[in-house]
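Descriptive analysis of the structure
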Amino acid sequence: MSLFNTLLAPAISLAPRALIRKVSRRYIAGDTVAEATERVAALNAAGFCATVDVLGESTESLSQADHTTGEYLQVLEAIARDGLRANISVKPTALGLLLDATHCEHNLARLLNAAEAHSIFVRIDMEDASCTQHEIDLLLRLKRRGYNNVGLVLQAYLKRTDGDIAPLLGTGENLRICKGIYVEKPDLLVEGALDDRGAINPHFLRHVARCFDSGTFVGVATHDEALVDQVITLARSRLVAQTAFEFQMLLGVRESLRDRLLTEGYAVRIYVPYGKDWYGYSMRRIKENPRMAGYLLRALLTC
Ligand code: FDA
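To keep things clear, this report deals only with the structure shown in the data block. The model shown is predicted, which means the values in this text are computed figures rather than measured ones. (Residues numbered from 1 in each chain as written. Predicted model: local features only at pLDDT ≥ 70, side-chain atom pairs only at ≥ 80, totals over all residues. Heavy atoms only, no water.)

**Side note on the overall build of the chain**
Heads up, the rule is: Secondary structure follows DSSP: runs of H or I at least 4 residues long count as helices, runs of E at least 2 residues long count as strands, and numbering of each begins at the N terminus. The buried label goes to any residue with under 20% of its type's maximum accessible area, the exposed label to any with over 50%, and the partly exposed label to all in between, with areas taken from a 1.4 Å probe on protein chains only. For this analysis, residues touch if any pair of their heavy atoms sits within 4.5 Å. Methods summary: accessible areas were calculated by the Shrake-Rupley approach with a probe of 1.4 Å, and residue burial reflects only the protein chains presented.
Across its full length, the chain carries twelve helices and eight strands. Across the 303 residues in the chain, those meeting the buried criterion constitute 54%. Taking all contacts inside the chain whose residues are at least 6 apart in sequence as the whole, residues at least 24 apart take part in 73%. Accessible surface, the chain as shown: approximately 13200 Å² in total, 56% of it carbon and sulfur.

So, in structure tokens, the structure goes:
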């Protein structure tokens, strides 16, 4: 992480709300379900699939968790009503994981039932390392209950992912692999990851290869073009069908790369966050990970 980003992070925290709003517009669809579905419809028209994320992580009460669940139910209804090519991504802590795991599972099951009725997939985002085992256990419990329209995210920057991935592989399974966004204790991370995001790439690639080999559908979530190219080379060398994986990118990030992939015939899914918590989300991202400060400044200079 550069000194530039480390110094910039607190400074950006002091930036006027209007400035953060301006920058975040590129990355966040808006405040409402209608704004999110409008953005998704435009992405669909341009050839992309989408994943809708309702912003808000630090849930302080079960009623707040239930409210978020209700918001996601509206999103599912809107996706089905408008015939959008979209699914949803959910953070278990937003559904109450750290308050009451059983209640969180109940909320997720409500979403899975509603999604299943419309053949919509539900992705469980992976949060910080204190949640990793809880979120794997949650997924496995839901699988045992017979839900098939659900899949987890694994983070290539964690050493433990080599072991975590094993029970999640198989035909009909669906994983997202990402590098990982949270600031974690160095001993949890693969070698070099603390100072060099490129050091995560061989691990990322190994997890993708295991998905390919086991027939697991894999969402390759990265904006790192070198890594994207390595995934393409790997898929070609193993004769993996283009329908066996998709690239996933965040709204507003590296749009030239997403366009290139679409032109080359790959499926590309765009992660579309929306919600009233846009300010909290933006600021949390900056505080949790000073690297985001650099991204925000770059975005500001180019908007
Ligand atoms: P890397 O960090 O090496 O960045 C490569 C380049 O991409 C950078 O140089 C920069 O230019 C650009 N870039 C990356 N992120 C950017 C941003 N936000 N704004 C502007 N430019 C950016 N993490 C997690 O822990 N749990 C999860 O569930 C998810 N889910 C998820 C879904 C999707 C669809 C994506 C794309 C990402 C996630 N992530 C995530 C975040 C992920 O772990 C990772 O932190 C970011 O994608 C950045 O890492 P890259 O792989 O892009 O590489």
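**Structural notes on the sheet that holds strand β3 (residues 122–124)**
The following threshold applies: Here, any two strands with at least 2 DSSP bridges between them count as paired. Axis definition: a line fit to C-alpha positions, over the contact stretch in the case of helices; interaxial angles, taken between N-to-C directions, run 0 to 180 degrees.
One closed barrel accounts for eight strands, arranged β1-β2-β3-β4-β5-β6-β7-β8; its pairing is parallel. Neighbour-to-neighbour, the strand axes of the sheet open up by a mean angle of 30°, direction not taken into account. Sheet topology note: the strand β2 (residues 86–90)/β3 ladder contains three bridges and is parallel. Note that in β3 the partner of Val90 across the bridge is Ile124. Along the sheet, helix α5 (residues 101–117) contacts β2, β3 and β4 (150–155); its crossing angle with β3, the most-contacted strand, is approximately 150°.

**Brief notes about the site of the ligand**
Our working rule: Working definition: residue near molecule or strand if any one of its non-hydrogen atoms lies within 4 Å of it. N or O atoms within 3.5 Å of each other form a polar contact, as long as, within protein, one can give a hydrogen and the other can take it, and as long as residues adjacent in sequence are counted only when both atoms are side-chain atoms. For this scheme, ten residues count as nonpolar: Ala, Val, Leu, Ile, Met, Phe, Trp, Tyr, Cys and Pro. Four count as charged, namely Asp, Glu, Lys and Arg, and the remainder, Gly too, count as polar.
Taken together, 25 residues surround the ligand, and among them Met126, Gln155, Gly180, Thr222 and His223 come closest. In this structure, Gly180 approaches the ligand through a main-chain N or O atom, which is 2.6 Å from an oxygen atom. Arg197 is positioned such that a nitrogen or oxygen atom in its side chain is 2.9 Å from an oxygen atom of the ligand. Out of a free accessible area of 920 Å², the ligand has 88% covered by protein chains. Listed by contribution, the elements that provide at least two residues to the shell around the ligand are β4, β5 (174–178), β7 (245–250) and α12 (291–302). Classifying every residue of the shell around the ligand by side-chain character gives 13 nonpolar, five polar and seven charged.

**So, the environment of Arg141**
Residue placement: Arg141 occurs in helix α6 (residues 132–144). The spacing of Arg141 and Glu105 is 36 residues in sequence and 8.6 Å in space, taken between C-alpha atoms. With near-sequence residues (within four places) excluded, Arg141 lies in contact with Ala101 and Glu105.

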